[in-house]
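# Observations on the model geometry
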Amino acid sequence: MQNRRKLYFYHKPDSLMKETVAPLYDLAKRYNFNLEKDYRNANIIVSVGGDDTFLQAVRNTGFRDDCLYFGISTNGKKTIYCDFDSDDHSSIIDAITNDNFEVRRYPTVNVTIDGETSFHCLNEFSVRSSIIRTFVMDVFIDQLHFETFRGNGLLVSTPTGSTGYNKSLSGSIVDPLLPSLQVSEIASLNNNEYRTLGSSFILAGGRKLVLKVVQDGNDYPIMGMDNEALSIQHVENIEVQLSNKQIKTLKLKDNSFWDKVKRTFL
């Protein structure tokens, strides 16, 4: 930790949040951290808010894999990405001074649209109909035509993202130590013409998922990148793969992923 003294805080710029983070700025100065105004110069990027803020921090700082991300919650609860609470200064000090933390690497996915637009996701990628009408996609796993899907959409989640939207679709929660993708259906239509697996399925990290949107007039779906939306007209081909880029986060040694799952859901 001694060589990582360049700190960048990411949070909402409103007055209430500035009041909340002021003691954290003071704490960082007290323990000789350099506060950076440009995230590109930082070794540690501190997200202050909640899981949504953490996802935005990772996206808006370029999914850096050469620094550590550090999540601090402001709602009094530890979350999937936030191991610390903004009011619990003693835990933060203990982690800083006694190295009471571990570095956990979370996988990300890379999504390419029509061979041109490319972006990363830490939690999930979703593709959904933009109008009140189902749409059709041919689903390929590597070179295999797996199924023809008709419905409201599909969701592809990372292991850490499996606890979010994916879980509400009856998908499985996946240990982040297993580099993988999970594909879950959003309101699929099954009849004599269209038949899908009817359940989520998990792909190993080396697999490529290809979604080919059938051009029937509903070919400009809404695509979700974590908690942000992307709208591109006339989408034909979507490729999703596990990326080589991993996000490194600080976590408390006694707060594993499954501790977080138990605390959140049980």
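Anything mentioned here points back to the structure above.
My aim in this report is to walk through the structure given alongside it, one point at a time. Since the model is a prediction, treat every value here as computed from it, not as a measurement. (Residues numbered from 1 in each chain as written. Predicted model: local features only at pLDDT ≥ 70, side-chain atom pairs only at ≥ 80, totals over all residues. Heavy atoms only, no water.)

### Concerning the pairing of strand 6 (residues 101-113)
- Along strand 6, 10 of the 13 residues are buried, which leaves the element largely enclosed by surrounding structure.
- Pairing between strand 6 and strand 16 (residues 237-252): 12 bridges, direction antiparallel. Of the residues in strand 16, the one forming a bridge with Arg104 is Thr249.
- In this structure, strand 6 lies alongside strand 7 (residues 117-121), joined through 5 bridges in antiparallel fashion. Residue Asn110 lies in a different strand from strand 7, and its bridge partner there is His120.
- Remark: 3 residues form the turn of the hairpin made by strand 6 and strand 7, two consecutive strands paired antiparallel; Asp114 in that turn has positive phi of roughly 50°. (Buried < 20%, exposed > 50% of the residue type's maximum accessible area, 1.4 Å probe, protein only. Helix = DSSP H or I, 4+ residues; strand = E, 2+ residues; numbered from the N terminus. Pairing = 2+ DSSP bridges.)

### Examining the side chain of Thr196
- Along the chain, Thr196 turns up in the loop between strand 11 (180-188) and strand 12 (201-204).
- For Thr196, the side chain forms a polar contact with the side chain of Glu185, separated by 2.9 Å.
- Contact partners of Thr196, with chain neighbours within four places excluded, come to Glu147, Thr148, Phe149, Glu185, Ser188 and Asn190. (Polar contact = N/O pair within 3.5 Å; in protein donor to acceptor, adjacent residues only side chain to side chain. Contact = heavy atoms within 4.5 Å.)

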